[in-house]
Amino acid sequence: MKEVKIGVVGLGNRSTAWIPCIHLVPGCRLTAICDKVETLVNLRHRLAADLNKDARVARYTDYDAMLRDADIDAVAILVEPHNNVELACRALEAGKHVIAEVPLCYSLEDCWRIVTAVERSDRVFQLGEQVRYSAFVQVWKKMVRDGTLGKVLYVEGQYLHGMGPDRYYHDAATGARIHFREAKKRKSYKSRFWDMPHVILYLPHELSPMLHVLDERVVKVTGMATRPKSYRYEWFPHADLEVALMHTEKDTVMRMMAGFTVATLGGSEHHHRLIGVNGWVEQPMNPEEKGKLWLAERFMADKADVKWAYKDYWDVSPVGVSHVGQRHSRGTGQRPSRDTPMEALQSGHYGLDYYPIAAFVESILEGKPSAMDVYAAAETAAPAILAAQSIERGGVTLDVPDFRPGRKRKAGRYPASTSGLTSKGQITLPKRVRDSLHLHTGDRMEFLVRGQTEAVLKPVTKTVDEVFGRLSGRAGVTRTVEEMNEAIARFQS
Ligand SMILES: NC(=O)c1ccc[n+]([C@@H]2O[C@H](COP(=O)([O-])OP(=O)(O)OC[C@H]3O[C@@H](n4cnc5c(N)ncnc54)[C@H](O)[C@@H]3O)[C@@H](O)[C@H]2O)c1
């Protein structure tokens, strides 16, 4: 394959960055677009045509039709996060490579579903998280790897993205953003916040770069939040701020928060700080501040100002890329490094959007491992999901599953579920077991003991066919509904 043909599904806000970016990345081409909202399909088709008048981009409002009929090797999934996994699994089944936007999903069931689906397929899966490509992430990663900071004890991060009231709703028929006052009057309004049940579910954006810096995974999580009703906007049905406290496998404590209603200075949405035994590094808190560095081993008396985006990585704006130069002088360091290709600098998020797509294309064309594979993706989603569960359960500490295959779980298989026995001899059936057996409250179970070490659990169910088989005579005599009811009552008594 010389070129990756990409179909994009989900043509909302984010697609206005992805479509131009696909156009910039060498080795790939946009060949199809799809959204349930036809107006958006036509709008984005015009955008693609403006970028390349010779582009042949097929239009779809039916995702399965795009998978079946379009000339595509890969799918870029830019839908609401709770739909990500379903669409990703369908694309993998259709033999397509997949890149999906962040966050991966909102449930552990979905984490397992996509992990096992990717393991069973031979296609590339990548999460399109761009902050991990920032220059400061590269510098910090190097400092951790070469021991400059010593053992890392603590990492903090925050994603506080105060948004105006027009950012929360859109018209489902046209895709247009609408103010919440208008949304109240319209039947077709839809929450643009993707029915996100907890704001901490956006944590993966902060966690991804820091897990990349540390080469780590979170093993324990606890969550805490302000009341589940905004203090800023009376109509926003979630907390203004949710916080996750986490412990990693190699013994680092992390504290990260997320919020969409807290007022913030433009350009200060992301912030990270890292404390090692030998020194501290910090991003600026807002665009007017500078980054910080302090190294105990170098006899520094105080923290030094550091422009992470510039130091050794970035010093001058390339000629002809004026908007990037201007934005580089502000902001808190979410900037690409000095060796960034010119074309990347025209992409969204100050040039960072280019990288996940370029890495994805490179994996497919050159057979390289995925730059952010399904395990790394699940490792950013699961702590957020568990932090949300912890908040609902009064701050209990929860264990994060290990998604990588090994002794306990074979690739492509779900993990075996376990449950503890109470003093009264009761057990809780894990939700995944209940879901896969289609069990509901009141259903009965049968235990078939096999020898001394094994028992099989079987739902006691009677199918409609079983019941009607008993009623119908050999000659197939027709029965009235009353007769059937009577017979069923007799059978049940
Ligand atoms: N990386 C970043 O910095 C960043 C920034 C913003 C948004 N995002 C992510 O990008 C994704 C999209 O965000 P958005 O703001 O564009 O959302 P949006 O709600 O504006 O758009 C989503 C679109 O997907 C469409 N869609 C959903 N299911 C579909 C289906 N089955 N078939 C066809 N179309 C379908 C909807 O009709 C909608 O138009 C989200 O996952 C979000 O978290 C990431």
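Everything here concerns the structure above.
Remember, predicted model here, so these are calculated numbers, not experimental data.

1. Looking at the sheet that holds strand β10 (residues 189-191)
Moving on, step 1. The antiparallel open sheet is built from three strands, whose spatial order is β9-β8-β10. On the outer flanks of this sheet lie β9 (177-178) and β10, each paired with one strand and no other.
Moving on, step 2. Of the strand pairs in this sheet, strand β8 (residues 169-171) and β9 are connected by two bridges, and their pairing is antiparallel. Each bridged residue has a counterpart across the sheet, and for Y169 the counterpart in β9 is I178.

2. Observations regarding helix α11 (residues 374-392)
Moving on, step 1. Look at α11: 27 Å from first C-alpha to last across 19 residues, which is about the 27 Å you get at 1.5 Å a residue.
Moving on, step 2. By the criterion of burial, α11 is predominantly enclosed, with 16 of the 19 residues buried.
Moving on, step 3. Just downstream of α11, G394 is the residue with a positive phi angle, here 75 degrees.

3. Here we look at the site of the ligand
Moving on, step 1. The immediate surroundings of the ligand are formed by 24 residues, with G10, G12, R14, V79 and E101 found nearest.
Moving on, step 2. Take the shell around the ligand: its biggest share by element is three residues, from helix α4 (residues 81-93).
Moving on, step 3. Among the residues making up the shell around the ligand, the classes are represented as twelve nonpolar, six polar and six charged.
Moving on, step 4. Per-domain counts for the shell around the ligand show at least three residues from each of domain 1 (4-131) and domain 2 (132-337 + 383-392).

4. Structural notes on the packing of helix α1 (residues 15-24) against helix α2 (residues 38-51)
Angle between the axes and distance between the axes: these two values describe a pair of packed helices.
Moving on, step 1. Where α1 contacts α2, the two axes come as close as 10 Å, and the packing angle between them is 30 degrees. On the basis of the axis angle, α1 is roughly parallel to α2. Along this stretch, α1 crosses α2, giving a crossing that reads as right-handed. The segment α1 lies against α2, with S15, T16, I19, P20 and H23 engaging R44, L47, A48 and L51.
Moving on, step 2. Partitioned by chemical class, the residues of the contact of α1 with α2 number five nonpolar, three polar and one charged.

5. Focus on helix α8 (residues 204-214)
Moving on, step 1. Of all eleven residues making up α8, eleven are buried, and the element is well covered by its neighbours.
Moving on, step 2. Contacts from the buried residues of α8 go to α6 (135-145), β7 (152-160), β12 (242-248), β13 (253-259), β14 (270-276) and α11.
Moving on, step 3. D215 sits one or two residues past α8 and shows a positive phi near 55 degrees.

6. Quick word on the environment of R90
Moving on, step 1. Counting through the fold element by element, R90 comes out in helix α4.
Moving on, step 2. Of the residues examined, R90 has 18 C-beta atoms within 10 Å and is grouped as partly exposed.
Moving on, step 3. The spatial distance from the C-alpha of R90 to the C-alpha of A117 is 9.6 Å, given a sequence separation of 27 residues.
Moving on, step 4. Apart from residues no more than four positions distant in its own chain, R90 is found in contact with D64 and L67.

Conventions we followed
Residues numbered from 1 in each chain as written. Predicted model: local features only at pLDDT ≥ 70, side-chain atom pairs only at ≥ 80, totals over all residues. Pairing = 2+ DSSP bridges. Helix = DSSP H or I, 4+ residues; strand = E, 2+ residues; numbered from the N terminus. Expected span 1.5 Å × (residues − 1). Buried ≥ 20, exposed ≤ 12 C-beta atoms within 10 Å, placed from the backbone. Near = placed C-beta within 6 Å. Nonpolar A, V, L, I, M, F, W, Y, C, P; charged D, E, K, R; others polar. Domains from an automatic or database assignment. Axes fitted to C-alpha atoms, helices over the stretch in contact; angles between N-to-C directions. Parallel < 35°, antiparallel > 145°, perpendicular 65-115°, else oblique. Left-handed = near helix turned anticlockwise from the far one by under 90°. Contact = placed C-beta atoms within 7 Å.

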